[in-house]
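Residue-level structural notes
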Amino acid sequence: MDLVAELTKIANSIRVIKGKTEKMKPSTFANEISKLAYINDNTTGKINIKQGETIYPSNTDTIVEGDQYLQGDIVIKGDANLVANNIARGRGSGNYVLGVRGTADAVVDINYGKIPWSGKYANEYVQIARSYWDARIANQVQLAYSGGNSVFEGNLTNASGKCLLDCSTYIIHTLLKIPFNSSVFQGVTGNNKTIDPKSIKAIGSEFSCLLEQLVKYFSTGRIRYAADLAEFFWCAGRVIDEKDIRPGDLTFHAAKNEDGTYHINNRFKNISHVGIVAEEGFMQKNSAGEVTYYEYYNVTSHENVCIRTKSTTRSDIVFIARPDYTPRNNVSEVDSNINLLNTTYHSGGLGTNTLNGMKFKVSSNGNIETTGQPSDGTTFYLTSKSYVTYLKKGTYKLTGCPKRTDTTSGETWGLVVKNTNGDTLAWDNGDGVTFTISKDIESIYVYIYVSATKDSTGYTWKPKLTRTA
């Protein structure tokens, strides 16, 4: 070390601090030296000291300021759980946590069991999908693959006058029950034609909710792409085994690039494509009835755009979903086959129950075998008098009292319905009885009554209360 050179640096630094002409005593000189630090071949004023600490990541930046002397380690905590699959994938550009991009789909994999096929209703939707294919092969429309830029973005035709269509737009139109001849594509002419997405209307569809979410949340693509449809049906528990595939089922694909990466990696399960299974005539089954081959209608970048694809030509199917195409009509409450009485009887559970010397043997199917003659008039409550059952306005039938030859009327033997005012609404002596509820809601209770004059041995009660109108 060149001591003279170093002292010169110190002296020059002191002059910067104290002024060029100021003279100092040796003690003052030493004091000023104590205020200096030596950084990057330069001396500077006294620097602050920072003690060591542990920094835990948060949702805001933590700044360790410069020009400090670290008198201890600064530890920024890591977490072994900071992995992509522990972070929700998110939409659009995806979710990032501390620079890690999420790949997890925010749903739980659940096996919902076998899902019934909608039969004729599913076939109807298949024909709607086929109508676009038929229009294309009949040269009634010229199509161009749009790749996410279609009528839902307000674009109807391209610069060449071809109608813009992508796989999800095609399937959504099908689910909205819009056949080609009723679609905005029919008969359209002109280049670069635009359209208001809100002008697209569902036609009696069971999936009009898709359109509502498309339009309402248009800018965010809440339900727009194949991956959004995949998430919609996955969360609805509509996933099926490919061996059980039927017409109208939806195929969801995750295409990959040549390097093995997914074509789309910021959407649900990396889904990038969707198709709809074609008619049963395009299927093959093995001896066990399992589907081994099928075809599906879809829209792709293929030159013909709307095509029917063989299942053997693509290996990127992630899962198959089965939409419920059955009409969403409210189901009538009137059904003479449904017993409105449950079999958990208030006066006694399964097995033998004894009241006033008379035995009531309750079976799991709700039947009651009686034995003995009661010492007094006996009531076996099927429903609680304190915790009533409610009936809506309508016509009802009470049956299940065993018929006996010595009792055709009266109130010594029977199955009874009363309201909470104590009014008898129905008394079945063995032939069944129909009664009407005129109030909007009537609170009732039901019981078996056997008088002390009746021997109940050998009779089986089968209580049933149904609504007939």
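Treat the numbers as computed from the prediction; the structure is a model and nothing was measured. Within any chain, residue numbers begin from 1 and follow the written order of that chain's sequence. Only residues with pLDDT of at least 70 are given local features in this predicted model, and only at 80 or more are side-chain atom pairs given and counted; all residues enter the totals for whole chains, interfaces and linings. Side-chain descriptors were evaluated using all non-hydrogen atoms of the structure, hydrogens and water having been removed beforehand.

In this section: the packing of helix α4 (residues 167-175) against helix α6 (residues 226-235). In this analysis an axis means a line fitted to C-alpha atoms, helices contributing only their contacting stretch, and an angle means the value between N-to-C directions, from 0 to 180 degrees. Per the convention used, a helix needs a DSSP run of H or I reaching at least four residues, while a strand needs a run of E reaching at least two, with both numbered from the N terminus. At a closest axis distance of 8 Å, the pairing of α4 and α6 adopts a crossing angle of 45°. Taken together, the axes of α4 and α6 lie oblique to each other. Contacts between α4 and α6 involve C167, S168, I171, I172 and L175 from the former and A226, L229 and F233 from the latter. In the scheme used here, Gly and all other residues not listed as nonpolar or charged are polar, with Ala, Val, Leu, Ile, Met, Phe, Trp, Tyr, Cys and Pro taken as nonpolar and Asp, Glu, Lys and Arg as charged. When the residues that make up the contact of α4 with α6 are grouped by side-chain class, the tally is seven nonpolar, one polar and no charged. Note on terminology: angles under 35 degrees are roughly parallel, angles over 145 are roughly antiparallel, angles of 65 to 115 are roughly perpendicular, and the others are oblique. What makes two residues a contact is simply this: any of their non-hydrogen atoms within 4.5 Å.

The subject of this paragraph is the pattern of salt bridges. Close approach of charged atoms allows side chains with opposite charge to pair. In what follows, salt bridge is the name for a side-chain nitrogen of Lys or Arg lying within 4 Å of a carboxyl oxygen of Asp or Glu. Under the definition given, this model contains 20 salt bridges. Here K50 ties to E53 by a salt bridge, and the two come within 2.7 Å at their closest N and O atoms. Since its relative accessible area comes to 19%, K50 is described here as buried. D431 is paired through a salt bridge with K403; the nearest N and O atoms lie 3.0 Å apart. Of the two residues, D431 sits in the loop between β23 (424-428) and β24 (433-450) while K403 sits in the loop between β21 (389-399) and β22 (413-419), which places them 28 residues apart along the sequence. For D431, a relative accessible area of 57% corresponds to the exposed category. Summary of the burial criterion: residues with accessible area below 20% of their type's maximum are buried, those above 50% are exposed, and those between are partly exposed, where the area comes from a 1.4 Å probe applied to protein chains only.

What is meant by a nonpolar core is a set of buried Ala, Val, Leu, Ile, Met, Phe, Trp, Tyr and Cys residues, joined one to another through side-chain atoms within 4.5 Å. Membership of the largest hydrophobic core comes to 49 residues, with the highest contact counts inside it found for Y170, L229 and F252. With residues up to four places along the chain from it excluded, the contact list for L229 reads S168, I171, I172, L175, L210, I223, F252 and V274. Core analysis: the second largest hydrophobic core is formed by 24 residues, L341, V362, I368 and L465 among them.

On to the packing of aromatic side chains, then. Given two aromatic rings, their pairing is described by the distance between the two centres and the angle made by the two planes. Aromatic contacts are taken between Phe, Tyr and Trp rings whose centres are within 6.5 Å, Trp giving its six-membered ring; a plane angle under 30 degrees counts as stacked, one over 60 as edge-to-face, and the others as tilted. All told, the structure shown has 22 aromatic pairs when counted by the stated rule. Taking the centre distance of 4.9 Å and the plane angle of 70° together, the rings of W234 and F319 count as edge-to-face. Of this pair, W234 sits in helix α6 while F319 sits in strand β16 (residues 317-321); the two residues are 85 residues apart in sequence, bridging distant segments of the chain. Neither W234 nor F319 differs from the other in exposure class; each is buried. For the ring pair Y396 and F435, a centre distance of 5.8 Å and an interplane angle of 25° mean the geometry is stacked. Placement of the pair is Y396 in strand β21 and F435 in strand β24, with a sequence separation of 39 residues. A relative accessible area of 2% means that Y396 is categorised as buried. For F435, a relative accessible area of 5% puts it in the buried group.

What follows is about the sheet that holds strand β9 (residues 239-240). In short, DSSP must find at least two bridges between two strands for them to pair. With respect to topology, six strands assemble into an open sheet ordered β9-β16-β10-β11-β14-β15, the strand pairing being antiparallel. Taken across any chain shown, the strands that pair with only one partner, and hence form the sheet edges, are β9 and β15 (306-310). Where strand β11 (residues 273-277) and strand β14 (residues 295-299) come together, two bridges link them in antiparallel fashion. Within β14, the residue paired with V277 across the bridge is Y296.

What follows covers a nonpolar patch on the surface. There is a patch of nonpolar side chains on the surface, built from L82, V97 and L98 and spanning about 240 Å² of accessible area. Checked against the element boundaries, V97 lands in strand β5 (residues 96-97). In this analysis, a patch consists of residues with relative accessible area above 30% that form no salt bridge, clustered at 9 Å for like charges and at 5 Å for the nonpolar side chains Val, Leu, Ile, Met, Phe, Trp and Tyr. Per-residue accessibility takes into account occlusion by the displayed protein chains alone, with areas from the Shrake-Rupley method and a 1.4 Å probe.

Glycine aside, residues mostly have negative phi angles, and peptide bonds mostly take the trans form. Here the phi dihedral of N192 falls at roughly 55°; this positive angle occurs in a residue that is not glycine. Within the fold, N192 resides in the loop between α4 and α5 (208-216). At K269, a position not held by glycine, the phi torsion is positive, near 50°. Topologically, K269 is positioned in the loop between β10 (250-253) and β11.

Here we come to the environment of A452. Inspection of the secondary structure puts A452 in the loop between β24 and β25 (459-461). Look at A452 and you get partly exposed, because its relative accessible area is 29%. Between the C-alpha atoms of A452 and G377, which are 75 residues apart in sequence, the distance is 4.9 Å. Other than its neighbours up to four places away in sequence, A452 contacts Q373, P374, S375, D376 and G377.

Before going further, it helps to spend a moment on the sheet that holds strand β19 (residues 368-371). Read from one edge to the other, the open sheet built from four strands follows the order β17-β18-β19-β25, with strand pairing classed as antiparallel. Of all strands in the sheet, those bounded by a partner on one side alone are β17 (351-355) and β25. Neighbour-to-neighbour, the strand axes of this sheet turn through a mean angle of 25°, independent of strand direction. Pairing between β17 and strand β18 (residues 358-362): five bridges, direction antiparallel. Within the sheet, the bridge partner assigned to T352 lies in β18 and is K361.

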